[in-house]
Each structure stands twice: as C-alpha cells, then as structure tokens.
Amino acid sequence: MTSHRDGGRQAGRAAHARLILRAAIAAADPAPHVRRAIRASQELREARRVHLIAIGKAAATMAYAALDALPRPADSALVIVPHGTDTAMLSDDTRTRVLRASHPLPDASSADAAAAVEHHTGGVHAGDIVFVLLSGGASSLCTAPAGSISIAEYALVVSALMHAGADIRELNAVRAHIDRLKGGGMADIIAPAHAIGLVVSDVTGNPLDVIASGPLTRPTATPADALRVLDRYMPVNDVPASVRSVLQQAAARTPPARSFGHVGVDVLLDNRTAVDGAAEEARRLGYEVRITDEPVTGHARDAGR
C-alpha cells in the first residue's frame, strides 16, 4: 500500500513536473522573440513594401506577433499551418491568407501550399522585404516536388526514410534536392527582394541548411550525398524512378552559380531555450539541476532508453 505521506510526495512531484513543463513552454514562446527581431530590423526603414510568409507548427503565433510589431501594415501575408491549428487570432486581418497542410507527411495540401508560396513571392520586387518565419514542420507543410516527382512519390520516400531510422540531417539532405523551394530554392525566387528569415529551430546545433530543409540557405549536402542516403536506407527498387532521376541529373551537372547576398537568417530560439526555462524553474523549486548536451537522434523509442 502507498502511505498518505508517499502519496503526498508523489502529488507534489507531479505538481512540480507540471510547473517545470509550463516553464519550458513559456520560455519557448516565439512571440516575444519575433516582436523583438521585427522591431530591431534596420531594413524595414528603407523597405518599399513588406511581405510575410510563415510556415510551421508555430506559424500562426509567429505571424500574429510579426504583424503586431510591424510599424505599418504588411502588404501581404501568407501563413501555412498544420490541419487543425487554431488561427482565430489572424481572422481579422484581411491581408493575411491562411492555408492548412499536412504534417508529418506531405500530401496534396502541402503541394498546394508550396504553389501558393511560389505565387506569393512572384509579386515581390527589388526594394521589398520578405520576412520568412519558419518553425518545426515546415518541410512537410510546404512541399514542391522537383521535376516529374509526384507528391505521392515524395511522401513515399520521406515515410520510408523516417521509418528506416534516417536522422533529420539525412532526411533533409534528400528533401533539399528533390524540392523546388528547399535547399535555397525560396531564396532564389524571392530575389531581388530582401529576405529575412526568423527561425525557431527544432534541430540540434541549429544548422540553417537543415532546419525546414534550408529554404533560404545554400545546401551543404550534395545530390550525391542524397543518393547515398537513399542507398543506405531504401532498397533500390523501392526508390521511385522519378526521384532517382532528379538526383542523378543534379549530381551529373555543374552546380549553378547562386547568390545569397540578399538573405539574412536569424535563429530566434531553439531546444536549449526550452531546456534553460525548465532548468530555471526546477532550481526555483529547490532541485539540483544538471543539463546534458548529448544530442538525441533516431527513433524516439531508442532515445528514450
């Protein structure tokens, strides 16, 4: 039997756990970080027009904070969130278009969202500024398959790599080269306007070419690297011919000259932000706290052990 004293201790620990969790969530709230970044932006002073694109699980919160912090109304705003996300906070802004798409695997709604991004950025010009707000889930929510790859084939590859245990760097190395917007593709179509990426990172170490599959960043992984990832995790006959063809053609040609001088990217907060918030609350409650920096990747069931 459990004594009243033991039961009280367990209840106290449970209450403390909830307080620590709430502190972690509060620390990771992107809204104040976005507001500070927008208000500190020097580029805004000279911008002819201001556009906003927000993609990810935190996109609604980030977009609302950005629109609130801008010194003048945005000329356009596109927000892409997972199905089921509450976006009531944005409903009164008639210049903001909200789309819902699929996560963690892309589908036709993800392809529609990517087409909307391409259309949205087609109307920007030199002298404009485009704020791109990225958070977890952006890779799936906005998917533009390259070449003749279908969205079903794209999703098949992503699913197979996930279930085979590919880590986020390996997975996004493939996505960066089979997607028109990833691997710097969004930066290409925003030019010659100025792009400012404000990022909530869910990747250990905050590699800009891996977060959201690097839509604003030159990829460090090559098409040949992507092919090696496929060969490592997928039987050769399971890889769609369209996917292999796109990667082989990219690997065979000289990479095009690309400029990213019109792009600036800032990581606003990351996993450590939440960890530090939890640690601060735990110390306040009287616990001795030790933070370990060992990265955790792969299957959650293995990492948990």
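Residues numbered from 1 in each chain as written. Predicted model: local features only at pLDDT ≥ 70, side-chain atom pairs only at ≥ 80, totals over all residues. Heavy atoms only, no water.

Participant: Tell me about the packing of helix α7 (residues 168-175) against helix α9 (residues 223-233), and please be specific about residues and values.
Facilitator: Running from amino to carboxyl end, α7 crosses α9 at an angle of 120°, the nearest separation of the two axes being 8 Å. Judged by the angle between their axes, α7 and α9 are oblique. With respect to the hand of their crossing, α7 and α9 are arranged in left-handed fashion. The residues of α9 that touch α7, namely those facing Glu170, Ala173 and Val174, are Ala226, Val229, Leu230, Arg232 and Tyr233. Of the residues contributing to the contact of α7 with α9, the split by class is 6 nonpolar, no polar and 2 charged. (Axes fitted to C-alpha atoms, helices over the stretch in contact; angles between N-to-C directions. Helix = DSSP H or I, 4+ residues; strand = E, 2+ residues; numbered from the N terminus. Parallel < 35°, antiparallel > 145°, perpendicular 65-115°, else oblique. Left-handed = near helix turned anticlockwise from the far one by under 90°. Contact = heavy atoms within 4.5 Å. Nonpolar A, V, L, I, M, F, W, Y, C, P; charged D, E, K, R; others polar.)

Participant: Give me the lowdown on the sheet that holds strand β3 (residues 96-101), citing residues and values where you can.
Facilitator: If you walk across this open sheet you meet the 6 strands as β3-β2-β1-β4-β5-β6, and the pairing is parallel. Two strands close off the open sheet at either side, each with one partner strand: β3 and β6 (263-269). Averaged over all pairs of adjacent strands, the angle between their axes in this sheet comes to 15°, without regard to strand direction. In this structure, strand β4 (residues 129-134) lies alongside strand β5 (residues 194-200), joined through 6 bridges in parallel fashion. (Pairing = 2+ DSSP bridges.)

Participant: Please set out the pattern of salt bridges residue by residue, giving values where relevant.
Facilitator: This structure, assessed with the given rule, holds 11 salt bridges. The residue arginine 258 makes a salt bridge to aspartate 188 at a minimum N-O spacing of 2.8 Å. Of the two residues, arginine 258 is situated in the loop between α10 (241-252) and β6 and aspartate 188 in helix α8 (residues 185-190); the sequence distance between them amounts to 70 residues. Between aspartate 225 and arginine 228 there is a salt bridge, with the nearest N and O atoms lying 2.4 Å from each other. You can see aspartate 225 and its partner arginine 228 sitting in helix α9, 3 residues apart, about one turn around the helix. By sharing partners, the salt bridges in this structure join Arg48, Arg49 and Asp128 into a single network. (Salt bridge = Lys/Arg side-chain N within 4 Å of Asp/Glu carboxyl O.)

Participant: How would you explain the side chain of arginine 175 if you had to name every residue and give the values?
Facilitator: Inspection of the secondary structure assignment puts arginine 175 in helix α7. Despite being buried, arginine 175 has no salt bridge partner; aspartate 179 is the closest side chain of opposite charge, sitting 7.3 Å away. What arginine 175 contacts, discounting residues up to four positions off in sequence, is Ser139, Ser140, Tyr154, Val158, Ile168, Lys182 and Ser213. (Buried < 20%, exposed > 50% of the residue type's maximum accessible area, 1.4 Å probe, protein only. Lys, Arg positive; Asp, Glu negative; His and termini not counted.)

Participant: Give me the environment of glycine 261: which residues, what numbers.
Facilitator: With respect to the helices, strands and loops of the structure, glycine 261 is situated in the loop between α10 and β6. Measuring from C-alpha to C-alpha, the distance between glycine 261 and proline 192 comes to 9.7 Å, with 69 residues separating the pair along the chain.

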